[in-house]
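Fold and contact review
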Amino acid sequence: MKNATAILGDLWRSVWRTGWPRSAKERSLVMTSSLFLHIHPVKVKKRTLRFTTTLGLGMISAFLFILLVVTGALLMLYYTPHPAAAYRSMKDLEFAVSFGWILRNMHRWAAHGMVVSVLLHLCRVFYTGSYKKPREFNWVAGVCLLILTLGLSFTGYLLPWDQLAYWAITVGSTIASYAPVVGEKIRYLLLGGNLIGEGALLRFYVLHCFILPGLALLLIGFHVWRVRKDGGLAAPEADLPSNEVSEGEDGRFPAGAKTYGLMSLSRGPDYRSLESSDPADEIFAWPHLLYREMLLFILVLAGLTAISILFQAPLEELANPTRTPNPAKAPWYFLGLQELVHYSAFLGGVLIPGLIVLALMALPYLDRGREGAGVWLHPSRRRSIAVFNACLFVLTLLTVIGTLFRGPNWALVWPW
Amino acid sequence: MNTAKEQFLSRRGFLKWIGVGGVAGTFAGFLLGGLRFLFPNVLYEPPTRFKVGKPGDFPMNQGTFLEKKQIFVFNTDEGFYAVSSICTHLGCSVRKSAKGFECPCHGSKFDENGDVLSGPAPRPLAWYRLNLGRTGDLIVDKQDPVDHKFRLKVTA
């Protein structure tokens, strides 16, 4: 009997090197020795854990991504990417497969939710000035992730092969053909032909289920890794330690309240923020950070499940290439652009979205002041915040008009 | 002997460039081939030239909408002509209205010839060449656009 316990213990330790952490050393080890946990720091600043610092938006986006991967993989088991079968798959999921309807609802609402949370995350990072040096490139990676999120949502939109899907993609893909010179080629490439048919559906399916999620996973990994390498969350200047560790007169480093790792001596982009000035301001990530992450995950899952039980994901009649519904609308997050497209296809389809992406990517390289990093709505950034607010307001207004105030033949109507 | 400086290219340098060039060339080849691979050579799409029916099937002085083919065929005193129902703005299918055509997606309006009256459409609706086939059927060729003067006279 004693022998059996020892064997089980050995077995357990062959998987988990550390036991349930009880001491400070074990709390460090548990983070550094696990592939899945080592993306976390061993210790985090108390400020980082405060909900109002980040509103948890990046985490919510990541959790929704995980939920989308899981529900999406399950949905793939019942989905056939062919015009003759795709719509039937949807009906099967809806009415024949056990719990198929809730998985589809979860996938649909999580996709909308992720677009929202990624956009809000972008706003949070802007309003707290967290894109400032040395985090410029991570902001660019974030913009790429926003584009990937929209791409994932857009490619997924076609898969049900209903009227909603077919015409949203018709409009969306024709916008691509307005790009100068290469526009028609891009559309042909995207659709694998001239029409939205089996070739287009298969391409969107492969993009949606393999290529784009793969890219997103890689980029999310980079995004989080870079947050760690840039010294955690952006913090106000006052919270950063005074300066680099300097040699004492006798050629030795001063013995502080804390020992310094090699990384604090090497020249990084912002090595000061790698170490906290006050060790008392830091607490162990196990359990404080992990606990909060799990709590947030449970809340996201509970919220998504509740919404998916209460609200049915839309499914219109079978796609009919000969009958355009009136009005035909793109997904809601593109309705601001569709509203612009109503005035000029080139302006709304190519120029404005191109400029938005370009401006977003260039932002941290243009706004070079260090002041206000890590602080919500710092007074010194009044001008850039005003510009951002104005853009956000116009885009929101256009989206609201396109969503609620446009009726048949794209005429202005009241939403009630 | 000071070979490295005198020679235009040392043996080591020469081999290095062959190596680098070979690897770069291989990747460039794969990249170009991969890009070309993405453009399909064979399309399983409906034919662009098709029969639409006998001239007598189309009532005089009005347009007949052929839903599946997405064209309107008009039979007038001057002859037959075919107008595409695909909006030149973003590809939605237009409907017949009192004045001509209307697009449900972004509100473009066209007159009865398919010329833009209002809205974002950048070009008039396309007109396609009509022919009379040997079987006596009208044949539309969607790859052969024609101008608004086109009429097919059918003498029955």
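We now turn to the structure provided with this report. All values derive from a computational prediction rather than experimental measurement. (Residues numbered from 1 in each chain as written. Chains lettered and ligands numbered in written order. Predicted model: local features only at pLDDT ≥ 70, side-chain atom pairs only at ≥ 80, totals over all residues. Heavy atoms only, no water.)

Points about the overall build of chain A
Stated formally: Numbering of helices and strands runs from the N terminus; a helix is a DSSP stretch of H or I covering at least four residues, while a strand is a stretch of E covering at least two. Here the term buried applies to any residue with accessible area under 20% of the maximum for its type, exposed to any over 50%, and partly exposed to those in between, with areas from a 1.4 Å probe on protein chains only. Every residue pair with non-hydrogen atoms within 4.5 Å of one another is taken to be in contact. To measure how exposed things are, a 1.4 Å probe is used in the Shrake-Rupley method; for residues, cover is taken only from the protein chains shown.
When helices and strands are tallied, chain A shows 15 helices and 2 strands. Going through the 416 residues of chain A one by one, you find that 44% of them count as buried. Restricting the contact set of chain A to residue pairs at least 6 apart, pairs at least 24 apart contribute 77%. Carbon and sulfur atoms form 70% of the exposed surface of chain A, whose accessible area is close to 22600 Å².

Notes on the sheet that holds strand E5 (residues 95-96) of chain B
Residues and elements named next belong to chain B. We apply this condition: Being paired, for any two strands, means DSSP has found at least two bridges between them.
The antiparallel open sheet is built from 4 strands, whose spatial order is E5-E6-E7-E8. Across the chains shown, the open sheet's two edge strands, defined by having one partner strand only, are E5 and strand E8 (116-118). As paired elements, E5 and strand E6 (residues 100-102) share 2 bridges and run antiparallel to each other. Note that in E6 the partner of Lys96 across the bridge is Phe101.

Here we look at the interface of chain B and chain A
Note the threshold: A 1.4 Å probe defines the accessible area here, and the buried area is the portion of it lost by two parts on being joined, summed over both. In the sections that follow, a salt bridge refers to a side-chain nitrogen of Lys or Arg positioned within 4 Å of a carboxyl oxygen of Asp or Glu. Whenever two N or O atoms come within 3.5 Å, that pair is a polar contact, provided that in protein one can donate a hydrogen and the other can accept it, and provided that, for residues adjacent in sequence, both atoms are side-chain atoms. Each residue is assigned to one class: nonpolar for Ala, Val, Leu, Ile, Met, Phe, Trp, Tyr, Cys and Pro, charged for Asp, Glu, Lys and Arg, and polar for all the others, Gly among them.
Listed as interface residues are 24 residues of chain B and, on the opposing side, 29 residues of chain A. Interface area for chain B against chain A, summed over the two sides, is near 2300 Å², with a carbon-plus-sulfur share of 55%. For chain B, the biggest contributors to the area lost against chain A are Phe39(B), Leu90(B) and His106(B); these three give 25% of the whole. Where Glu67(B) meets Arg323(A), a salt bridge forms, and the shortest distance between an N and an O atom there is 3.7 Å. The interface formed by chain B and chain A includes 13 residue pairs in polar contact (both at pLDDT 80 or more). Looking at the side of chain B that touches chain A, its residues break down into 12 nonpolar, 7 polar and 5 charged.

Let's talk about the pattern of salt bridges
Residue and element names in this part refer to chain A. Evaluation of the coordinates by the stated rule reveals 9 salt bridges over all chains. A salt bridge links Glu94 to Arg104; the nearest nitrogen and oxygen atoms lie 2.9 Å apart. Highlighted residues: Glu94 in helix H6 (residues 86-96) and Arg104 in helix H7 (residues 100-127), separated in sequence by 10 residues. Judged by its relative accessible area of 12%, Glu94 is buried. The class for Arg104 is buried, based on a relative accessible area of 4%. For Glu339, the salt bridge identified is with Arg406, shortest N-O distance 2.6 Å. Of the two residues, Glu339 sits in helix H13 (residues 335-343) while Arg406 sits in the segment after helix H15 (382-404), which places them 67 residues apart along the sequence.

Details of the environment of Arg406(A)
All names here are of chain A. Among the residues examined, Arg406 registers a relative accessible area of 9% and is labelled buried. Between the C-alpha atoms of Arg406 and Lys329, which are 77 residues apart in sequence, the distance is 9.3 Å. Those residues in contact with Arg406, other than ones at most four positions away along the chain, are Pro327, Lys329, Glu339, His342, Tyr343, Ile401, Ala411, Leu412 and Val413. One polar contact links Arg406 to Glu339, side chain to side chain, over a distance of 2.6 Å. Within the structure, the side chain of Arg406 is placed 2.9 Å from the backbone oxygen of Trp410, a separation counted as a polar contact.

Brief notes about empty space enclosed by the protein
Residues and elements named next belong to chain A. Formally: Computed over the protein atoms alone on a 1 Å grid, cavities are sets of points where a 1.4 Å probe fits but cannot get out and pockets are open sets with protein on both sides within 12 Å along at least five of seven lines; a residue lines them when it has an atom within 4 Å of a point. Grid points are joined across faces, edges and corners, and a volume is the space filled by probe spheres set on the points.
Across all of its chains, the model carries 2 cavities of 30 Å³ or more by this definition. Put simply, the second largest cavity is a space of about 30 Å³. Looking at the second largest cavity, the residues that line it are Arg108, Tyr157, Pro160, Asp162, Leu164, Ala165 and Pro314. Residues belonging to the lining of the second largest cavity are distributed by class as follows: 5 nonpolar, no polar and 2 charged.

Here's the deal with the environment of Met59(A)
All names here are of chain A. Note on placement: Met59 falls in helix H5 (residues 57-76). C-alpha separation for the pair Met59 and Glu339, spaced 280 residues apart in sequence, amounts to 32 Å. Setting aside its immediate chain neighbours within four residues, Met59 contacts Glu293 and Leu296.

Quick word on the environment of Ala98(B)
Residue and element names in this part refer to chain B. Tracing the backbone shows Ala98 in the loop between E5 and E6. A residue is classified by how much of its surface remains accessible, and Ala98, at 88% relative accessible area, is exposed. Put simply, Ala98 and Gln62 are 36 residues apart on the chain and 12 Å apart in space, counted from C-alpha to C-alpha.

Points about the packing of aromatic side chains
Spelled out, the test is: Stacked, edge-to-face and tilted labels apply to pairs of Phe, Tyr and Trp rings (six-membered ring for Trp) whose centres lie within 6.5 Å, assigned for plane angles under 30 degrees, over 60, and everything in between, in that order. Here, a charge over a ring is recorded when the distance from Lys NZ or Arg CZ to the ring centre is within 6 Å and its angle to the ring normal is within 35 degrees.
Taken as a whole, this structure holds 26 aromatic pairs over all chains when the rule is applied. Here the aromatic rings of Phe126(A) and Tyr131(A) are separated by 5.7 Å at their centres, their planes lie at 15°, and the arrangement is stacked. Each member of the pair, Phe126(A) as well as Tyr131(A), is classed as buried. Judged by centre distance (5.4 Å) and plane angle (85°), the ring pair of Tyr127(A) and Phe388(A) falls under edge-to-face. Taken together, the residues span a long stretch of sequence, with Tyr127(A) in helix H7 and Phe388(A) in helix H15 at a distance of 261 residues. The exposure classification of Tyr127(A) matches that of Phe388(A), with both residues buried. Put simply, the rings of Phe65(B), Phe72(B), Phe74(B), Tyr81(B), Phe101(B) and Trp127(B) touch in pairs and so form one group of aromatic residues. If you follow Arg108(A) out to its NZ or CZ, it ends over the ring of Tyr157(A), 5.2 Å from the centre. Lying over the aromatic face of Trp17(B), Lys16(B) brings its terminal NZ or CZ to 5.8 Å of the ring centre.

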